Amino acid sequence: MHPLYANDCKKGLEKLLAWAGGNKTQLAKVCGVTRNTVSFWFSKGYIGRDSAAVVGSNPNIPITKEELRPDIKHWDHYKFCRGRD
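Once a new chain begins, its residue numbering starts again from 1 and follows that chain's sequence as written. With the structure being a predicted model, the display of local features is reserved for residues of pLDDT at least 70 and the display and counting of side-chain atom pairs for 80 or more, all residues being used for whole-chain, interface and lining totals. Side-chain measures were taken over the full set of non-hydrogen atoms in the model, leaving aside hydrogen atoms and water.

Participant: Where do I start with the overall build of the chain in this structure?
Facilitator: Strands are runs of DSSP state E lasting at least 2 residues, helices are runs of H or I lasting at least 4, and numbering of each runs from the N terminus. On a plain count of helices and strands, the chain comes out with five helices and zero strands. Counting from the amino terminus, the chain carries its helices and strands in the arrangement α-α-α-α-α. Across the 85 residues in the chain, those meeting the buried criterion constitute 34%. When accessible area is computed with a 1.4 Å probe and restricted to protein chains, residues below 20% of their type maximum are described as buried, those above 50% as exposed, and intermediate ones as partly exposed.

The structure is reproduced here in structure tokens:
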């Protein structure tokens, strides 16, 4: 991730956590990942590309992949596979 976008990526994560009521365990459940995965996102300061695509495509989550990873400009260039982060 480009350092220029670090704050924006953090803001996307914070918005995602706020949407989940500030509860990382609940966020993990809704996103279909482990609590450790969510903690890893926050320790890195950003969500992985594949996870951002999965979370952003969930119709129950009102946050887009572009909000989670504003550093990625051309999403159509990537192939996604669940489990990579």
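Participant: What exactly am I supposed to notice about the nonpolar core here?
Facilitator: Soluble globular proteins: nonpolar side chains tend toward being buried together. Core analysis: the largest hydrophobic core is formed by 19 residues, its most contacted members being Leu16, Leu27, Cys31, Trp41, Ile47, Val55 and Leu68. For this core, the secondary-structure elements that each account for two or more residues are α1 (6-19), α2 (24-31), α3 (35-44) and α4 (49-56). The nonpolar core is taken to be a set of buried Ala, Val, Leu, Ile, Met, Phe, Trp, Tyr and Cys residues, with the residues joined through side-chain atoms within 4.5 Å.

Participant: Just checking my understanding: could you explain the packing of α2 against α3 for this structure?
Facilitator: When two helices pack together, their arrangement is captured by the angle between the axes and the distance separating the axes. Each axis is a line fitted through C-alpha atoms, and for a helix only the stretch in contact is used; angles between axes span 0 to 180 degrees, taken between their N-to-C directions. Where α2 meets α3, the axes come as close as 8 Å, and the angle between the chain directions of the two elements is 110°. With respect to each other, α2 and α3 are oriented roughly perpendicular. Within the contact between the two elements, α2 uses Lys24, Thr25, Leu27, Ala28 and Cys31 and α3 uses Arg35, Val38, Ser39, Trp41 and Phe42. Looking at the contact of α2 with α3, its residues break down into six nonpolar, two polar and two charged. Reported orientations rely on four angle classes, namely roughly parallel under 35 degrees, roughly antiparallel over 145, roughly perpendicular from 65 to 115, and oblique for the rest. When checking whether two residues touch, look at their non-hydrogen atoms; a contact exists if any pair is within 4.5 Å. Gly falls in the polar group here, along with every residue not listed as nonpolar (Ala, Val, Leu, Ile, Met, Phe, Trp, Tyr, Cys, Pro) or charged (Asp, Glu, Lys, Arg).

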